[in-house]
Amino acid sequence: MALSRRGRDRHIDYWPGFVDALSTLLLVFIFLLSVFMLTQFFLTQEMSGKDNVMQRLQAQIRQLTELLSLERATGQTADSELATLRASLEATESERDRLKGQLSAAPAPASDTGRAQALAREVDLQKDVAARAIAQIELLNQQISALRRQMAALEEALNVAEKRDAESQTKITDLGRRLNVALAQRVQELTRFRSEFFGRLREILGNRPDVRVVGDRFVFQSEVFFDRGSATLRPEALAELDKLTGAILELEKSIPPDISWALRIDGHTDNRPITTPQFPSNWELSAARAIAVVQYLISWGVSPQHLIAAGFGEYQPIDTAATEDARARNRRIELKLTER
């Protein structure tokens, strides 16, 4: 009989340890998912600014390309006009040479003096036309040279813009990589401090039935701190708040200043409406309770920069059942250590 009793005494219940391990694993998974979403948000904001810069650079490149195409078309037109003028000049010079030949080959009797003079005038006229054509060709050559210089300048500007675009792409890629590394480091550091803070709170608060861990938050039932329909801290709740304040002050000293963090105090109510001069709705009641906790922490020396007060009314229940127990669970104050 004594041996049987000792055997039963040595039986070990592993179930609570398994539940704790499973809860911790679920907490880590939810936190990593939150960190991933936050990282994606910051990266999206950063990349959107870089996309705007890239769009402006691409617009400039398109404008330069269009201007270069226009200048090239103008140069081709000038080349075509130059070729036409050269052909006309050659025809004029050929006609002039023909007239000169006729003039030199023709006899010079008195009866043909008028014809010779007419041919001489025509030759002079052709000379004037040829001179004007040569002047116009020279002008066109100058314009073509100017257009070619402009085209060279535009090509150089286009190359510079493309090079700047490539450098911007490289900088954006490098910035994104460094941002990812920095965010990962900050998340790891904040995760470590969150674990230490939660562990410290567990030691301080013990295994109270009205205080529990839900995901990455500590959840206190509102009755721990407040009476029904009130946002004034109960005197008997101050001892628990003093323990919490001590843990937060230790946390402030341990987290480096370059890590942006905040302790968010969330107030929640049940779904029963409230209409009083002080609290026209559950929004006001939940916010006032969160502010009351924040003000008490500040009075004990916690930095206001590390505190956030938020009221959610009855719109974030953790139990949707229409029972008194469910309503009691929904009336709560939550503490969450997060990035600011």
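The structure this text deals with has already been given above.
Here is a short report on the structure shown in this document. These numbers were taken from a predicted model, which means no experiment stands behind them.

What counts, and at which threshold
Counting from 1, residues in each chain are numbered in the order their sequence is written. Totals for whole chains, interfaces and linings use all residues, but because this is a predicted model, local features are given only for residues with pLDDT of at least 70 and pairs of side-chain atoms are given and counted only at 80 or more. The side-chain values count all of the structure's non-hydrogen atoms but skip hydrogen atoms and water molecules. Only DSSP runs of H or I covering at least 4 residues are called helices, and only runs of E covering at least 2 are called strands; the numbering of each starts at the N terminus. Buried means the residue's accessible area, taken with a 1.4 Å probe over protein chains only, is under 20% of the maximum for its type, while exposed means over 50%, and partly exposed covers the values in between. We call two residues contacting when some pair of their heavy atoms lies within 4.5 Å. Each accessible area value is a Shrake-Rupley result obtained with a 1.4 Å probe; residue values ignore everything except the protein chains displayed when judging cover. Whenever a carboxyl oxygen of Asp or Glu lies within 4 Å of a side-chain nitrogen of Lys or Arg, that contact is scored as a salt bridge. Put simply, a nonpolar core is a bunch of buried Ala, Val, Leu, Ile, Met, Phe, Trp, Tyr and Cys residues held in one set by side-chain atoms that sit within 4.5 Å of each other. Patches here are clusters of residues that have more than 30% relative accessible area and form no salt bridge, with a 9 Å joining cutoff for like charges and a 5 Å cutoff for nonpolar side chains (Val, Leu, Ile, Met, Phe, Trp, Tyr). Between N or O atoms, a polar contact is any pair within 3.5 Å; within protein, one atom must be a potential hydrogen donor and the other a potential acceptor, and residues adjacent in sequence are included only when both atoms are from side chains. By this rule the span expected of a helix is its residue count minus one, scaled by 1.5 Å.

Time to look at the overall build of the chain. The helix and strand tally for the chain stands at 6 helices and 5 strands. The order of helices and strands in the chain, counted from the N terminus, is α-α-α-β-β-α-β-α-β-α-β. Counting all 340 residues of the chain, 31% fall into the buried class. Taking the contacts inside the chain whose residues are at least 6 apart along the sequence as the reference set, 77% of them involve residues at least 24 apart. On the chain, roughly 21,200 Å² of surface is accessible, and the fraction owed to carbon and sulfur atoms is 57%.

Quick look at the pattern of salt bridges now. Working definition: two side chains of opposite charge can pair if their charged atoms are close together. In the structure shown here, the tally under the stated rule is 12 salt bridges. With its nearest N and O atoms 2.9 Å apart, the salt bridge here joins Arg217 to Glu334. With Arg217 in strand E2 (residues 217-221) and Glu334 in strand E5 (residues 332-339), this pair connects stretches of sequence that are 117 residues apart. Here Glu334 falls in the buried class, since its relative accessible area comes to 2%. A salt bridge links Arg272 to Asp270; the nearest nitrogen and oxygen atoms lie 3.2 Å apart.

The next subject is the nonpolar core. Core analysis: the biggest nonpolar cluster contains 27 residues, and Phe225, Leu263, Ile265 and Leu335 have the highest contact counts within it. Counting only elements with at least two residues in this core, the list comes to E2, helix H4 (238-254), strand E3 (261-268), helix H5 (282-299) and E5. Sorting elements by how many residues they give to this core places H5 first, with 6 residues. Counting 10 residues, the second largest nonpolar core, distinct from the first, contains Leu85, Ala130, Ala133 and Leu147.

Below, the discussion takes up a nonpolar patch on the surface. Residues Leu26, Phe29, Ile30, Leu33, Phe36 and Met37 make up a contiguous nonpolar surface patch of roughly 620 Å² in combined accessible area. You can see Phe29 is positioned in helix H2 (residues 15-105).

Mapped onto the elements, Thr269 comes out in the loop between E3 and H5. The class for Thr269 is buried, based on a relative accessible area of 4%. Measuring from C-alpha to C-alpha, the distance between Thr269 and Arg329 comes to 9.1 Å, with 60 residues separating the pair along the chain. Beyond its immediate stretch of four places on either side in the chain, Thr269 contacts Asn282, Leu285, Ser286, Gly313, Glu314, Asn330 and Arg331. In terms of polar contacts, Thr269 uses its side chain to reach the backbone amide nitrogen of Glu314, at 3.4 Å.

Examined against the element boundaries, Arg212 turns out to sit in strand E1 (residues 211-214). For Arg212, a relative accessible area of 24% corresponds to the partly exposed category. Residues Arg212 and Glu334 lie 122 residues apart in sequence; the distance between their C-alpha atoms is 9.7 Å. Sequence-distant contacts of Arg212, defined by excluding residues within four places in its chain, comprise Arg217, Phe218, Val219, Gln221, Ile318 and Arg329.

Because the α-helix completes a turn every 3.6 residues, residues three or four places apart line up on one side. Under the 1.5 Å per step criterion, the end-to-end length of H5 is 26 Å for 18 residues, consistent within 8% with the ideal 26 Å. Where H5 is buried, its residues contact H4, E3, strand E4 (307-311) and E5. Once H5 ends, the next one or two residues include Gly301, with phi positive near 105°.

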